Amino acid sequence: MKEKVAQEIARRVKSGEVIGVGTGTTVDAALSEIGKRVQQEGLKLAVVPTSLQSAWRCQELGLTVLHPGYCGHLAWGFDGADQVTKERWAIKGKGGAMLQEKILAKRCKKFIIIADDTKLVARLGAGCPVPVEVIPEARILAEEGLKALGATEITIRTGSGKHGPVITEAGNIIIDAVFSNISATLERDVKSIVGVVESGLFIGYAHEVLVAGAAGISSL
Ligand code: 5RP
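> Explain the nonpolar core to me, and be specific about the residues and the numbers.
With 25 residues, the main nonpolar core has Ile9, Leu31, Ile34, Leu63, Phe78 and Ile114 as its most contacted residues. For this core, the elements supplying multiple residues, two or more each, are α1 (2-12), β1 (18-21), α2 (25-41), β4 (74-79), β7 (108-116) and β13 (208-213). Here this core takes six residues from α2, the largest share from any one element. Not counting the four nearest positions on each side in its chain, Leu63 is found in contact with Leu31, Ile34, Val38, Leu45, Val47 and Cys58. Judged by nonpolar contacts, the second largest core, of 21 residues, contains Val132, Ala138, Ile173 and Ile182.

This is the structure we're talking about:
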């Protein structure tokens, strides 16, 4: 399924473009397909990545990697998601890159989410916590604030290969917060907690969602 959306993204890329690239295994699959076009057709592409992982992968594939800090608006970009709805609301950030991913989403005139149909849900939240990037010094305040907003379970993300919390590329921690009710205002409310840098709630950012299922690709 991932390959199907990956191929669709690669088909849309035009030589000479500058596009935004998200993070994750679905994005990696799309990059591999784009890489094939670089090899076979001499496609020339510049990218604005959202993580070191994506930047390094793009570099390996022969794409020109631009620093996000030097870029303004882009015509389009693509990224994966952990959950997405028909209304194109999404939860992102299982890979911990949601801060750069949200900046990318905002700078793209057309921000496309790509996913397989296991990610498509009627309502966000069930079985998928909302990742919240927090300045380490504000951990306790942020936990309190998230509980006050209705979070029923709160976990500091830890990783393999390290003792202690996962540290994002911006030097922050991630709190995974379970919400049973995700309303249109939750993203703004979470962001207003002191010490919260960004959350993985993407409400109203995606202009198109490409979902791959057994019957093919649907565009939402
Ligand atoms: C990373 C993300 C990813 O796009 C999201 O977790 C989906 O990843 P995958 O394609 O590996 O399932 O938001 O921060």
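> Tell me about α2, residues and numbers included.
Between its first and last C-alpha, α2 extends 24 Å over 17 residues, near the 24 Å set by a 1.5 Å rise per residue. All buried positions along α2 are accounted for by Thr26, Val27, Ala29, Ala30, Leu31, Glu33, Ile34, Gly35, Arg37 and Val38. Lining the buried residues of α2 we find α1, β1, α3 (52-60), β4 and β7.

> Could you give an account of the pattern of salt bridges, with specific residues and numbers?
Oppositely charged side chains can form a pair if their charged atoms are brought close together. By the definition in use, this model includes 15 salt bridges. Among the salt bridges present, the one from Glu208 reaches Lys110, with a minimum N-O distance of 3.1 Å. With Glu208 in strand β13 and Lys110 in strand β7, this residue pair connects regions lying 98 residues apart in the sequence. For Lys110, a relative accessible area of 34% translates into the label partly exposed. Its salt-bridge partner being Glu143, residue Arg139 comes within 3.2 Å of it at the nearest N-O pair. Here Glu143 and Arg139 lie together in helix α5 (residues 139-148), a separation of four residues that amounts to about one turn.

> For the packing of aromatic side chains, give the residues involved together with the corresponding values.
All told, the structure shown has three aromatic pairs when counted by the stated rule. Relative to Phe78, the ring of Trp76 has its centre 6.2 Å away and its plane inclined at 40°; by these criteria the two rings are tilted. Like Trp76, the residue Phe78 is buried in the burial classification. Ring geometry for Phe111 against Phe202: centres 6.5 Å apart, planes inclined by 25°, an arrangement best described as stacked.

> Tell me about the packing of α2 against α3, and please be specific about residues and values.
At their nearest, the axes of α2 and α3 sit 10 Å apart, and the two run at 15° to each other. Between α2 and α3, the interaxial angle falls into the category roughly parallel. Judged by the sense of rotation from one axis to the other, the crossing of α2 with α3 is right-handed. Side by side, α2 and α3 meet where Val27, Asp28, Leu31 and Ser32 of the first sit next to Gln53, Ser54, Arg57 and Cys58 of the second. Split by residue class, the contact of α2 with α3 holds three nonpolar, three polar and two charged.

The rules behind these values
Residues numbered from 1 in each chain as written. Predicted model: local features only at pLDDT ≥ 70, side-chain atom pairs only at ≥ 80, totals over all residues. Heavy atoms only, no water. Core = buried A, V, L, I, M, F, W, Y, C linked by side-chain atoms within 4.5 Å. Buried < 20%, exposed > 50% of the residue type's maximum accessible area, 1.4 Å probe, protein only. Helix = DSSP H or I, 4+ residues; strand = E, 2+ residues; numbered from the N terminus. Contact = heavy atoms within 4.5 Å. Expected span 1.5 Å × (residues − 1). Salt bridge = Lys/Arg side-chain N within 4 Å of Asp/Glu carboxyl O. Phe/Tyr/Trp six-rings, centres within 6.5 Å; stacked < 30°, edge-to-face > 60°. Axes fitted to C-alpha atoms, helices over the stretch in contact; angles between N-to-C directions. Parallel < 35°, antiparallel > 145°, perpendicular 65-115°, else oblique. Left-handed = near helix turned anticlockwise from the far one by under 90°. Nonpolar A, V, L, I, M, F, W, Y, C, P; charged D, E, K, R; others polar.

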